[in-house]
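Notes for the structure review
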Amino acid sequence: MTAAATRPALSTGALDAISLDELNDTADLLTRMDRKYIVPIEAAQSLLDALASGIAGRSRALEIKGQRSFAYTSTYFDTPDLAAYHLTARKRRRRFKVRTRSYLDSDLCFLEVKTRGPRGATIKERIPWALDDADRLTPEGRAFIAELLLGSGVCRARDEAERTAVALTPVMGTTYERTTLHLPQAEARSTIDTRLSWTPMWASPHSATGAARGADRPAGPQAIIETKSPGTPSPADRFLWGLGHRPVKISKYATGLALLNRDLPANKWHRVIKNDLAGAGGSER
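Residues numbered from 1 in each chain as written. Predicted model: local features only at pLDDT ≥ 70, side-chain atom pairs only at ≥ 80, totals over all residues. Heavy atoms only, no water.

Under an unreviewed UniProt entry, the name given to the protein chain is Polyphosphate polymerase domain-containing protein, and the source organism is Actinomyces timonensis.

Considering the overall build of the protein chain
The helix and strand inventory of the protein chain stands at 9 helices and 12 strands. Scaling as 2.2 N^0.38, a compact globule of 285 residues should have a C-alpha radius of gyration of about 19 Å, and the protein chain matches this with 19 Å. Reported as C-alpha extents along the three principal axes, the dimensions of the protein chain are approximately 55 × 40 × 35 Å. Put simply, the protein chain has 285 residues, and 50% of those count as buried. Once local pairs closer than 6 in sequence are excluded, the contacts in the protein chain between residues at least 24 apart make up 66%. (Helix = DSSP H or I, 4+ residues; strand = E, 2+ residues; numbered from the N terminus. Rg over C-alpha atoms; globule rule 2.2 N^0.38 Å. Buried < 20%, exposed > 50% of the residue type's maximum accessible area, 1.4 Å probe, protein only. Contact = heavy atoms within 4.5 Å.)

Points about the packing of helix H5 (residues 139–151) against helix H6 (residues 158–167)
Packing of H5 against H6 brings their axes to within 8 Å, and their N-to-C directions diverge by 135°. Of the possible angle classes, the one that applies to H5 and H6 is oblique. Where H5 crosses over H6, the two elements pack in a sense that is right-handed. Counting all contacts with H5, which are made through Arg142, Ile145, Ala146, Glu147, Leu149 and Leu150, the residues of H6 involved are Arg158, Ala161, Glu162, Thr164, Ala165, Val166 and Ala167. Split by residue class, the contact of H5 with H6 holds 8 nonpolar, 1 polar and 4 charged. (Axes fitted to C-alpha atoms, helices over the stretch in contact; angles between N-to-C directions. Parallel < 35°, antiparallel > 145°, perpendicular 65-115°, else oblique. Left-handed = near helix turned anticlockwise from the far one by under 90°. Nonpolar A, V, L, I, M, F, W, Y, C, P; charged D, E, K, R; others polar.)

Structural notes on the packing of aromatic side chains
Tallied over the entire structure, the rule returns 5 aromatic pairs. Seen in terms of ring centroids, Tyr76 and Tyr253 are 5.1 Å apart; in terms of plane orientation they differ by 20°. Their pairing is stacked. Taken together, the residues Tyr76 in strand S4 (residues 70–78) and Tyr253 in helix H8 (residues 252–260) connect sequence positions 177 residues apart. The pair Tyr76 / Tyr253 is uniform in exposure class, with both members buried. Through a chain of ring-to-ring contacts, the aromatic side chains of Tyr72, Tyr103, Phe110 and Tyr176 assemble into a single cluster. Between Arg126 and the ring centre of Phe110, over which it is positioned, the NZ or CZ distance is 4.0 Å. Taking the ring centre of Tyr72 as reference, the NZ or CZ of Arg178 above it sits at 5.3 Å. (Phe/Tyr/Trp six-rings, centres within 6.5 Å; stacked < 30°, edge-to-face > 60°. Lys NZ or Arg CZ within 6 Å of the ring centre and 35° of its normal.)

Let's talk about the confidence of the model for the protein chain
The predicted model of the protein chain has a mean per-residue pLDDT of 88, with 92% of residues at 70 or higher. Within the protein chain, helix H1 (residues 3–6) has the poorest average pLDDT of any element, 42, and H6 the best, 97. The low-confidence segment residues 1–8, where pLDDT is below 50, has 7 contacts with residues more than four positions distant or belonging to other chains. (pLDDT = per-residue confidence, 0-100.)

Description of unusual backbone geometry
Here the phi dihedral of Leu82 falls at roughly 55°; this positive angle occurs in a residue that is not glycine. Residue position: Leu82 is located in the loop between S4 and helix H4 (83–89). Notably, Arg195 is not glycine yet its phi reads approximately 55°, a positive angle. Overall, Arg195 belongs to the partly exposed group, its relative accessible area being 32%.

Here it is, written out as structure tokens:
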């Protein structure tokens, strides 16, 4: 039996479709409030059914060339001392995350830098990136990162920002499948990720991409739902609350790295790792 045949299936057939251009025009939330949930596949399907019934207006699912579930990969970069990880683990307000994100079904890739804005809002800046460079940073990419680290206040001096950008190397990869939803009533988006898997990485001068990969660690059969809205909770949040699910502290990067490396401080994600991700490889602590 193939992996495709055994993966959890989500049905979005009852939802209308929305194109990528229309989705970006109506809800391109690069600055937003995020809430994340880890739920059984059945709860994710219940949310889809509720959205199709109209709890959030005319909710629609992203569709590209007749497809509504899309394969993503990301490569995360950090310094040798894992500065980005530790800033997040210690709940520092001025923290950052650097990754490439590849959209495998459309052969697109972006270099993305996430920082924190006022009241904890996530600010994401990105530029187009060559798919062949998904596991490495070019000088142009490092310059882009340095400018954002300086402009966001993560680094207080230009030389510090440039040193940090130069020090970044690939440390972890992720793969998953995503369904993206538009909730027009709340000017919000929601994403549902399944088949999440983490992969340790390290810089390698012998690799054409500059990185080597270890063995995959699957997260298990759950779905990770993320709601993204300008501020107030979306109808998707309220529906999940009604089912008894509450937002959890999970970062695909930081939680995954803590799973892969038991020596890292993981207090912020201990409950998620122990309970929600108990079936993930390396989760015992």
